[in-house]
Amino acid sequence: MTTTDTDTVATETAFQPLHIAVLGTGMMGLPMAHRLCAAGHHVHVWNRTRAKAEPLAAAGATVHDHAADAVRHADIAISLLESGPVVEQVLFSQGAAQALRAGNLFIDMASIQPRETRAHAEQLQAQGVACLDAPVSGGTVGAEAGTLAIMVGGHATDYERALPVFAALGRATHVGPHGAGQLAKLANQMIVGITIGAVAEALLLAAKGGADMAKVREAISGGFADSRILQVHGQRMLERDFAPRGRVGVQLKDMRNALATAQELGFDAPVTALLESLYAQAAAHGLADLDQSGLFVELAGRNGMQ
């Protein structure tokens, strides 16, 4: 056997499929669960609306009617639920936490407030369950491609244990203790939300003055104003393509979580507060289900540019 053959056998032997539960198969949870199935893991899924989880059966996942049943069969459970209160309800009111065994690992990949994730971790650790908070950035495109940025808070040993899960989903970085992953995600969402507003307002100003928005975007690409937001969301604005990948309503939730955390820390965040008010007005005007780049529509309407 050649050295190359030996390396191949060693690599194949090293892979150990895991029993993983995924709670929540919405816009992010569905493609992430698909990737875990494709990676060869034994995946158990649950969603409040079962029909949204059913497509995963064709990928090899086992669909459950109750969250507790899904986690009962798994060594690692992942949450991709809507909010902190929903995570708490599923864990502690619907019996998922009780179904987790001592030694299991719970990874909350939803975007919730740091204080909420720390409270959940404290309760779960009391019953011997290890915890990580690992929110993600990259949207549905990143979830489908396995290129998510994963921000992880918790103990380093638990982070190492979760690496085979993260490997199927994207690039993980351990950023600190429990709650630190959520802090990193809030920082990410502050930058995303604020930059979307800046790009939308700048392009609209250029158009109002008679410039070609597409050419303005092309002209500033590669300079200091360039960014992934300018490239991806700026293109959506030009095409008026506001099909939801990350919704205005979700961006608003994240901005509000950032402001709540800032208040707890005694931190003044005036720029985030301004953008939160703009996303709130966009949602109030019926734009909550548009892609977050749909803030462009709100700003265009303010300037009579619909």
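Predicted model only: the values in this text are computed from it and were never measured.

### Regarding unusual backbone geometry
For residues besides glycine, phi is generally negative; the peptide bonds are generally trans as well.
Here's step 1: One non-glycine residue, R240, adopts positive backbone phi at about 55°.
Here's step 2: Structurally, the position occupied by R240 is in the loop between α11 (228-239) and α12 (248-265).

### Re the pattern of salt bridges
Here's step 1: Applying the stated rule across the entire model yields 13 salt bridges.
Here's step 2: The salt bridge partner of R50 is E54, with a shortest N-O separation of 2.4 Å.
Here's step 3: Here E54 falls in the partly exposed class, since its relative accessible area comes to 33%.
Here's step 4: A salt bridge links D65 to R50, with the shortest nitrogen-to-oxygen separation between them at 2.6 Å. With D65 in the loop between β3 (62-63) and α3 (67-72) and R50 in the loop between β2 (42-46) and β3, this residue pair connects regions lying 15 residues apart in the sequence.
Here's step 5: With a relative accessible area of 32%, R50 lands in the partly exposed category.
Here's step 6: Look at the salt bridges and you will find they share partners, linking R50, E54 and D65 into a network.

### Remarks on the pairing of strand β6 (residues 130-133)
Here's step 1: Residues of β6 alternate between two faces, with A130 and L132 on one and C131 and D133 on the opposite face, all of them buried.
Here's step 2: The pairing of strand β5 (residues 105-108) with β6 spans 4 bridges and is parallel. Pairing of L105 across the sheet is with A130, part of β6.
Here's step 3: Each parallel crossover has a hand, and for β5 linked through helix α6 (residues 114-126) to β6 it is right-handed.
Here's step 4: Judged from the 2 bridges that link them, β6 and strand β8 (residues 148-154) form a sheet pairing that is antiparallel.

### Considering the nonpolar core
Here's step 1: Among the nonpolar cores identified, the biggest contains 34 residues, and M32, L36, V45, I107, M109, I150 and F166 are the most heavily contacted of them.
Here's step 2: Listing elements by their share of this core, those giving two or more residues are β1 (19-23), α2 (29-38), β2, β4 (76-79), β5, β6, β8 and α8 (156-167).
Here's step 3: The contacts of L36, once residues within four sequence positions are left out, are I20, V22, H41, V43, I78, V165, A168 and L169.
Here's step 4: Judged by nonpolar contacts, the second largest core, of 25 residues, contains V71, A74, A77 and L91.

Parameters at a glance
- Residues numbered from 1 in each chain as written.
- Predicted model: local features only at pLDDT ≥ 70, side-chain atom pairs only at ≥ 80, totals over all residues.
- Heavy atoms only, no water.
- Helix = DSSP H or I, 4+ residues; strand = E, 2+ residues; numbered from the N terminus.
- Salt bridge = Lys/Arg side-chain N within 4 Å of Asp/Glu carboxyl O.
- Buried < 20%, exposed > 50% of the residue type's maximum accessible area, 1.4 Å probe, protein only.
- Pairing = 2+ DSSP bridges.
- Right-handed = clockwise from strand over helix to strand, strands pointing away.
- Core = buried A, V, L, I, M, F, W, Y, C linked by side-chain atoms within 4.5 Å.
- Contact = heavy atoms within 4.5 Å.

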